Amino acid sequence: MVEDVQKHSVHTLVFRSLKRTHDMFVADNAKPVSLDEESHKVKMSVKLHTEYGSVLHMPTLKENLREKGSQGVVDPYGHKQYSANQGQEVEYMITGTHPYPPGPGVALTADTKVQRMPSESAAQSLAVALPPSQSRIDANRTAAGVGDIYRHAGIPERSQPPSMSMAIMEAGSKNSALIAKKAPTMPKPQWHPPWKLYRVISGHLGWVRCIAVEPGNQWFVTGSADRTIKIWDLASGKLKLSLTGHISTVRGVIVSARSPYLFSCGEDKQVKCWDLEYNKVIRHYHGHLSAVYGLDLHPTIDVLMTCSRDSTARIWDVRTKASVHTLSGHTNAVATVKCQAAEPQIITGSHDTTIRLWDLVAGKTRVTLTNHKKSVRAVVLHPRHYTFASGSPDNIKQWKFPDGNFIQNLSGHNAIINTLAVNSDGVLVSGADNGTMHLWDWRTGYNFQRVHAAVQPGSLDSESGIFACAFDQSESRLLTAEADKTIKVYREDDAATEETHPVSWKPEIIKRKRF
């Protein structure tokens, strides 16, 4: 009899709470109530009361502030701690087969009600989602371990027992965000001997705009604003030959390693092929609509690349003079073009501040690099590493092939950088419009020397500018083409040592900015 009374009281309480929930749901979705709906409510109430026989009692999952708190906590001194709520009655959540709407915002009617037994996993997930009761919160609060007491008391870490310190360290190591990471520092750069000027070659009557060393390392060639191309003996610096044919400034020269040909381009829109056995032009490559600023040869096939102020670069068949591709995409003058045997085979830098890596076969852009903020006038490829550098007034940037991943900035040469050159030892040279030349360690970006040579006697100080530079084939000499109408030749200082010219390096924190 007592058990029947208890069951009846429980059912009554549950029924009242469910009816109150149902009334609140109906109130939230209030609509004009008709007599049919009122009768339906009465029928539903009776149905709830009669069918609330199969009640599912599901124990809730206990929430613990600490892992495995229900199993007891062992303090640093070996004493086992037990939760204060052990021995108490387990809290239950009552779920049953009462009807419920199929979704939020849907009125509970005879047509929309859904009635099914909840699964065990659904009941458990619902139990976990429910907010903890006040008794559970109080129980967990009284079951705080020694670590919580230390933490809330603000006792320093050194005053904790060794085992507790180790436990905190292990817990912290799981979250890498809490570990203080060491800031990256520049590695110690390789020592390079300084370079010194040992020869100045005169002969041109205008700015010397371009320079190239022939593959045999016997002579080099220069192009000038006096519209001539001159060939010089590399060892003595004496003039061997002058070639005339361009009607405007000569902006680019290169000597083929596959044939006895010299290629040149200029502001007269012309691209010429010179036969050095007869010292005359044998081919013209017509197609550019404006001044041609640079050119390069493919190392393994007979293909010539040129870039122009008409915002395009062109690929030419050396033998047939046919234009294989016109590389369109830049929105301003293309200042420099470089070629290599590996993919991507063509790299261009432009006054539109971008660098493009091209697919030679398709004649389309593979990657566009937009990190520079100002014109890119110079690009150089490392002879051994699969990397390259680009020069702009904002920065010199290093990149990794094939996708143009950014490596680092070389900051400090605050001028318009016209030219870049690098040798196999990792010496990068940047020449600027104001006549300054900086030498860098390629790997670390350390600027180990700065040079500003005096202008040729009789020239104005404003005619101090470096337009092009190149290492010879032995990489023991550096040649620069300058605005004072001279070619300057540098070589390493043989008397310099690490003691006389130490590296003024400190492990400073690297501030690598992408932009």
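Everything quoted here is computed from the prediction, not taken from an experiment. (Residues numbered from 1 in each chain as written. Predicted model: local features only at pLDDT ≥ 70, side-chain atom pairs only at ≥ 80, totals over all residues. Heavy atoms only, no water.)

**Comments concerning the packing of aromatic side chains**
With the rule as written, the count across this model stands at 10 aromatic pairs. Relative to Phe-401, the ring of Tyr-386 lies with its centre 5.3 Å away and its plane at 45°, an arrangement referred to as tilted. Of this pair, Tyr-386 sits in the loop between strand E22 (378-381) and strand E23 (387-391) while Phe-401 sits in the loop between strand E24 (396-400) and strand E25 (405-410), and the two are 15 residues apart along the sequence. Between the aromatic rings of Phe-388 and Trp-399, the centroid separation amounts to 6.3 Å while the plane-to-plane angle is 20°, which identifies the pairing as stacked. Of this pair, Phe-388 sits in strand E23 while Trp-399 is found in strand E24, placing the two residues 11 residues apart along the sequence. According to the relative accessible area criterion, Phe-388 is buried, its value standing at 0%. Residue Trp-399 is classed as buried on the basis of its relative accessible area, which comes to 0%. The ring centre of Tyr-278 lies 5.8 Å from the NZ or CZ of Lys-280, which sits over that ring. Here the basic side chain of Arg-491 rests over the ring of Tyr-198, its NZ or CZ set 4.1 Å away from the ring centre. (Phe/Tyr/Trp six-rings, centres within 6.5 Å; stacked < 30°, edge-to-face > 60°. Helix = DSSP H or I, 4+ residues; strand = E, 2+ residues; numbered from the N terminus. Buried < 20%, exposed > 50% of the residue type's maximum accessible area, 1.4 Å probe, protein only. Lys NZ or Arg CZ within 6 Å of the ring centre and 35° of its normal.)

**Digging into the pairing of strand E28 (residues 437-441)**
Counting buried positions over the five residues of E28 gives five, a clear majority of the element. In E28, alternate side chains face the same way, and those of Met-437, Leu-439 and Asp-441 on one face and His-438 and Trp-440 on the other are all buried. The sheet contact formed by strand E27 (residues 427-432) and E28 spans five bridges and is antiparallel. In the strand pairing of E28, Gly-431 is matched with Met-437. Linking two consecutive strands that pair antiparallel, namely E27 and E28, is a turn of four residues; a positive phi of about 90° is found at Gly-435 within it. When E28 meets strand E29 (residues 446-451), the two strands line up antiparallel, connected through five bridges. Bridge pairing in E29 places Leu-439 opposite Gln-449. (Pairing = 2+ DSSP bridges.)

**Here's the deal with the sheet that holds strand E12 (residues 271-275)**
Pairing in this open sheet of four strands is antiparallel, and the strands run E10-E11-E12-E13 from one edge to the other. Edge positions in the open sheet fall to strand E10 (250-255) and strand E13 (280-284), since each of these has one partner strand only. The average angle at which neighbouring strand axes cross in this sheet is 30°, direction not considered. In this structure, strand E11 (residues 261-266) lies alongside E12, joined through five bridges in antiparallel fashion. In the sheet register, Leu-262 faces E12, and the bridge partner there is Trp-274. (Axes fitted to C-alpha atoms, helices over the stretch in contact; angles between N-to-C directions.)

**Things to note about the side chain of Thr-312**
For Thr-312, the position within the fold is in the loop between strand E15 (303-308) and strand E16 (313-317). For Thr-312, a relative accessible area of 11% translates into the label buried. With near-sequence residues (within four places) excluded, Thr-312 lies in contact with His-288, Thr-306, Cys-307, Thr-326, Leu-327, Ser-328 and Val-334. (Contact = heavy atoms within 4.5 Å.)

**Side note on unusual backbone geometry**
For the bond running from Glu-343 to Pro-344, omega is -10°, close enough to zero to count as cis. Here Pro-344 is to be found in the loop between strand E18 (334-339) and strand E19 (346-350). Here the residue pair Phe-401 and Pro-402 is connected by a cis peptide bond, since its omega of 0° sits within 30 degrees of zero. For Pro-402, the location among the structural elements is in the loop between E24 and E25. Phi angles above zero are rare outside glycine, and Ser-311 is one such case at about 75°. Within the secondary structure layout, Ser-311 lies in the loop between E15 and E16.

**Digging into the sheet that holds strand E26 (residues 417-422)**
Strand order across the open sheet formed by four strands is E26-E27-E28-E29, with antiparallel pairing between neighbours. Of all strands in the sheet, those with a lone pairing partner are E26 and E29, marking the two edges. Strand-to-strand twist across the sheet, computed as the mean angle between neighbouring axes with direction ignored, equals 20°. In terms of strand pairing, E26 meets E27 through five bridges, oriented antiparallel. By the bridge assignment for E27, Ala-421 is matched with Val-429.

**A short note on the pairing of strand E8 (residues 228-233)**
In terms of burial, E8 is largely enclosed, as five of its six residues are buried. With five bridges connecting them, strand E7 (residues 219-224) and E8 associate as antiparallel partners. Opposite Thr-222, over in E8, you have Lys-230 as the bridge partner. Pairing of E8 with strand E9 (residues 239-244) involves five bridges; the strand directions are antiparallel. Across the sheet, residue Lys-230 finds its bridge partner in E9, namely Ser-242. Where E8 folds back on E9, the antiparallel hairpin that results is connected by five residues, among which Gly-237 adopts a positive phi of roughly 80°.

**So, the pattern of salt bridges**
Taken as a whole, this structure holds nine salt bridges when the rule is applied. Note that Lys-485 and Glu-463 form a salt bridge whose closest N and O atoms lie 3.4 Å from each other. Taken together, the residues span a long stretch of sequence, with Lys-485 in the loop between strand E31 (477-482) and strand E32 (486-492) and Glu-463 in the loop between E29 and strand E30 (466-471) at a distance of 22 residues. You can call Lys-485 partly exposed: its relative accessible area is 24%. The buried category is assigned to Glu-463, whose relative accessible area is 18%. One salt bridge connects Arg-477 with Asp-472, and the closest N-O pair in it is separated by 3.0 Å. Considered together, Arg-477 and Asp-472 belong to a single accessibility category, that of buried residues. Within this structure, Arg-258, Asp-302 and Arg-319 form a network of salt bridges that share partners. (Salt bridge = Lys/Arg side-chain N within 4 Å of Asp/Glu carboxyl O.)

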